[in-house]
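Overview (structure and organization)
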Amino acid sequence: MLAKTKHFMKQANLIGGEWVQADSGAMQGVTNPANGLEIGQVPTSGAVETERAIAAAAKAFETFKKTTANERATMMRRMYEAMLDNVDALAELLTMEQGKPLFEAKGEITIGANYILWFAEEARRAYGRTVPSPWADRRIMVTKEPVGVVAAITPWNFPSSMLARKIGPAIAAGCTSVIKPAAQTPFSSLAWGVLAEEAGIPPGVINVVTGKASEIGGELTRNPLVKKMTFTGSTAVGKMLIRQCADTVKKVSMELGGNAPFIIFDDADIDRAVEGAIAAKYRNSGQTCVCTNRFYVQSSVYDEFVTKMTKAVEALRVGPSLDGNNDQGPLIDEAAVQKVEELLADAVEKGGKVVTGGARHELGGSFFQPTLVADATTDMRFSREEIFGPLAPVFKFESEDEAIQMANDTEFGLACYFYTQDLGRTYRVMEGLNYGLVGVNEGVITTPEAPFGGVKESGLGAEGGAEGIYEYLDTKYTCIGGLGL
């Protein structure tokens, strides 16, 4: 472990600028999914500690909301620079607790830093407006103000960059935050507390509490001092949080589950499609919310795609995450492996053909072979359930309309992808797909400059882009009369 990695690996909560333990003194271990070994411990906190963190955030908000956009932008640029200066250490910490290959971890740290830089710039562009008044002696202004204390609950698959997309706009808007990281990956969130200290962000602006999800989440949704909830995770948990936030009418941003289709038309560049398919499916061992869940290939190019895709899948290198020569690390835990096995068994039982892979990897633990299944049909579970693993089912279709219908046949609407070289088809399909994110001839499309968010049961609101900061701002209308005009 790098010396700097230890510097960022805090085994305590951050509340009001102080690194503290849970009141009970209880701790819970965090293991490396690549070898099952414990890498450290964090406090097992609950409602009491969370309430204190909320109070600290509320107190800090009273002064932080008065800072200028330029002051906040300066702090955020220092945070951005600190991240880039410590990419290796932050990536090592991320890989140790999450399991993704080191090169992917470095990419996650870098894009997280870029989100911070983007929102540092957006802090100075959170414009209001003046409105032509219908009254000669009155003037109308619309202004934007920070919502207040933000509760942020983050997932284990991208524990650093997902938090960057939440605290970046929160800080830029003048809000303060209480963060509840996933139990599997708390250290990447706690590292943000260290970065905040080094960037000169005032105590209490960022608070991090680890421990019991139900108690921490319950207090975050129940406490009236919290004005906004932002969550990335499953649709089931997101629905529960929305219901819990209703009693205090909090603003909510929800980035929830997906069931991403990837369509290859008969006029597509198949080699380019295979390259995009590998990135869209097997990145982070298939454990991404925008990961391809269903491949739809037009019948005339189906065999060509499967042949070339098989070769590409078999070239993927599986191994320990800190080894820079590997493309795929382990799944997050045993439960994730069992889910992939269940979905695979269901497909085989219903006629699916395992072209390559299809079993646990010889490395053992939670390593699983990159897998490709041909002859997939709509009655197989993975046509509707999110796989979240390195399993790629390939379906066949005949017409453009059929492809759009099959792709839209889900309650989810986060990301989708399609490959074609026909300009007219590009517009027809793009407009026909009911998704928040559309990739055309590209398999990886996320960037800080563009909004990220789904429709239907994939979520509410957007992260990133010009839209991202407005999720953390309230709109105020002011009518000024008595001007003697």
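Refer to the structure printed above.
First, a word on scope: everything that follows refers to the structure included in this document. Note that residues are indexed from 1 along each chain, following the sequence as it is written. Given that the model is predicted, a residue must reach a pLDDT of at least 70 before its local features are reported, and side-chain atom pairs must reach 80 or more before they are shown or counted; all residues, however, enter totals for whole chains, interfaces and linings. Note that water and hydrogens are dropped before the side-chain values are worked out from all heavy atoms of the structure.

**Quick look at the overall build of the protein**
Definition in use: Each helix is a run of DSSP H or I of at least 4 residues and each strand a run of E of at least 2, with the numbering of both proceeding from the N terminus. Throughout, radius of gyration means the C-alpha value; the globule benchmark is 2.2 Å times the number of residues raised to the power 0.38. Exposure is judged per residue with a 1.4 Å probe applied to protein chains only, and the accessible area is read against the type maximum: over 50% gives exposed, under 20% gives buried, and values in between give partly exposed. In what follows, residue pairs with any heavy atoms lying within 4.5 Å of each other are defined as contacts. Surface exposure here means Shrake-Rupley accessible area, sampled with a 1.4 Å probe, where a residue is shielded only by the protein chains that are shown.
Within the protein, the secondary structure is distributed over 14 helices and 22 strands. For the protein, whose C-alpha radius of gyration is 23 Å, the value lies close to the compact-globule estimate of 23 Å for 485 residues. By principal-axis analysis of the C-alpha atoms, the protein measures approximately 75 × 60 × 40 Å. Counting across all 485 residues of the protein, residues that qualify as buried make up 56%. Put simply, 73% of the contacts in the protein that link residues at least 6 apart link residues at least 24 apart. For the protein, the computed accessible surface area is about 18,900 Å², with 52% contributed by carbon and sulfur atoms.

**Examining the packing of helix H2 (residues 47-64) against helix H8 (residues 213-222)**
For clarity, the threshold we go by: To obtain an axis, a line is fitted to C-alpha atoms, over the contacting stretch when the element is a helix, and the angle between two such axes runs from 0 to 180 degrees between their N-to-C directions. Convention used here: angles under 35 degrees read as roughly parallel, angles over 145 as roughly antiparallel, angles from 65 to 115 as roughly perpendicular, and any remaining angle as oblique. Two helices cross in a left-handed way if the nearer one is turned anticlockwise from the farther one by less than a right angle. They cross in a right-handed way if the turn is clockwise.
Direction vectors running N to C along H2 and H8 enclose 40 degrees, while the axes themselves pass 8 Å from each other. For the element pair H2 / H8, the angle class is oblique. The way H2 lies across H8 gives a crossing that is right-handed. The residues of H8 that touch H2, namely those facing Ala-47, Thr-50, Glu-51 and Ile-54, are Glu-215, Ile-216, Glu-219, Leu-220 and Arg-222.

**Observations regarding the packing of aromatic side chains**
Quick note on the threshold: Only centres within 6.5 Å qualify two rings of Phe, Tyr or Trp (six-membered ring in Trp) as a pair; their planes then separate them into stacked at under 30 degrees, edge-to-face at over 60, and tilted for everything else.
Overall, the coordinates contain nine aromatic pairs when judged by the stated rule. Both rings, one in Phe-262 and one in Phe-295, keep their centres 5.1 Å apart while their planes meet at 50 degrees; by these two values the pair is tilted. Separated by 33 residues along the polypeptide, Phe-262 in strand S12 (residues 260-264) and Phe-295 in strand S13 (residues 292-298) bring together distant segments of the chain. Each member of the pair, Phe-262 as well as Phe-295, carries the same accessibility label: buried.

**Notes on the environment of Gly-204**
Following the sequence through the fold, Gly-204 ends up in the loop between helix H7 (186-199) and strand S9 (206-208). With 28 residues separating them in the primary sequence, Gly-204 and Thr-176 have C-alpha atoms 7.2 Å apart. Here Gly-204 is in contact with Gly-16, Gly-17, Ala-56, Ala-57, Ala-60 and Thr-176, once residues within four sequence places are set aside.

**Quick notes on the pairing of strand S15 (residues 371-374)**
The condition that has to hold: Any two strands are treated as partners once DSSP identifies two or more bridges connecting them.
Burial of the side chains of S15 extends over both faces: Thr-371 and Val-373 are buried on one face and Leu-372 and Ala-374 on the other. Note that strand S14 (residues 353-356) and S15 share three bridges and pair antiparallel. If you follow Thr-356 over to S15, its bridge partner there is Leu-372. Across three bridges, S15 lies against strand S16 (residues 391-397) in parallel orientation.

**Concerning helix H13 (residues 400-408)**
Heads up, the condition is: In this description, the arc belongs to the directions extending from the helix axis to the C-beta atoms.
For H13, the full list of buried residues reads Glu-400, Ala-403, Ile-404, Met-406 and Ala-407. One side of H13 carries all its buried residues, which in axial view fall inside an arc of 165 degrees.

**Focus: the nonpolar core**
Selection criterion: Nonpolar cores are built from buried Ala, Val, Leu, Ile, Met, Phe, Trp, Tyr and Cys residues. Side-chain atoms within 4.5 Å join them into one set.
Ranked by size, the top nonpolar core spans 59 residues in total, and within it Met-79, Trp-192 and Ile-206 carry the most contacts. When residues in this core are grouped by element, the largest group, nine residues, is from helix H5 (residues 102-122). Beyond its immediate sequence surroundings of up to four residues, Trp-192 is in contact with Met-79, Met-83, Gly-112, Ile-116, Ser-160, Leu-163, Ala-164 and Ile-167. Counting residues in each nonpolar core, the second largest holds 34 residues, with Ala-268, Val-313, Val-394 and Leu-437 among its members.

**Some words on the sheet that holds strand S18 (residues 415-419)**
Pairing is mixed across the open sheet formed by seven strands, whose spatial order is S14-S15-S16-S13-S12-S18-S19. With one partner strand each, in any of the chains shown, S14 and strand S19 (437-440) form the two edges of the open sheet. Each adjacent strand pair in this sheet contributes to an overall mean axis angle of 25 degrees, direction not counted. Alignment of S12 against S18, held across three bridges, turns out to be parallel. Directly across from Ile-263, in S18, lies its bridge partner Phe-418. Packed on one face of the sheet, helix H14 (residues 423-432) meets S13, S18 and S19 and runs near 160 degrees to S18.

**A look at the pattern of salt bridges**
The condition is simple: For salt bridges, the criterion is a side-chain nitrogen of Lys or Arg within 4 Å of an Asp or Glu carboxyl oxygen.
Scanning all chains against the criterion turns up 26 salt bridges. Notably, a salt bridge pairs Arg-425 with Asp-267, separated by 3.2 Å at the nearest N-O pair. With Arg-425 in helix H14 and Asp-267 in the loop between S12 and helix H10 (270-282), this pair connects stretches of sequence that are 158 residues apart. For Arg-425, a relative accessible area of 11% translates into the label buried.

**Describing a nonpolar patch on the surface**
Rules: Like charges within 9 Å and nonpolar side chains (Val, Leu, Ile, Met, Phe, Trp, Tyr) within 5 Å are joined into patches, using only residues over 30% in relative accessible area that form no salt bridge.
A cluster of nonpolar side chains, namely Met-141, Ile-480, Leu-483 and Leu-485, defines an oily patch on the protein surface of about 330 Å² accessible area. Residue position: Met-141 is located in strand S6 (residues 139-146). Relative accessible area serves as the criterion here: at 32%, Met-141 is assigned to the partly exposed category.

**Notes on the side chain of Ser-285**
Just so we agree on the cut-off: In the analysis that follows, any N or O atom pair within 3.5 Å is treated as a polar contact, provided that within protein one partner can donate a hydrogen and the other can accept it, and provided that, for residues neighboring in sequence, both atoms belong to side chains.
Take Ser-285: it is sitting in the loop between H10 and S13. A relative accessible area of 2% places Ser-285 in the buried class. Only 3.1 Å separates the side chain of Ser-285 from the backbone oxygen of Gly-329, close enough to count as a polar contact. The residues touching Ser-285, leaving out its near neighbours within four places in the chain, are Gln-328, Gly-329, Pro-330, Leu-331, Gly-389 and Pro-390.

**Some remarks on the sheet that holds S6**
A sheet is described by the order of its strands in space; here three strands give the open sequence S5-S6-S22, paired in antiparallel fashion. Each edge of the open sheet is held by one strand with a lone partner, namely strand S5 (129-131) and strand S22 (473-480). Within this sheet the neighbouring strands show an average axis-to-axis angle of 25 degrees, counted without direction. Looking at chain direction, S5 and S6 are connected through three bridges and run antiparallel.

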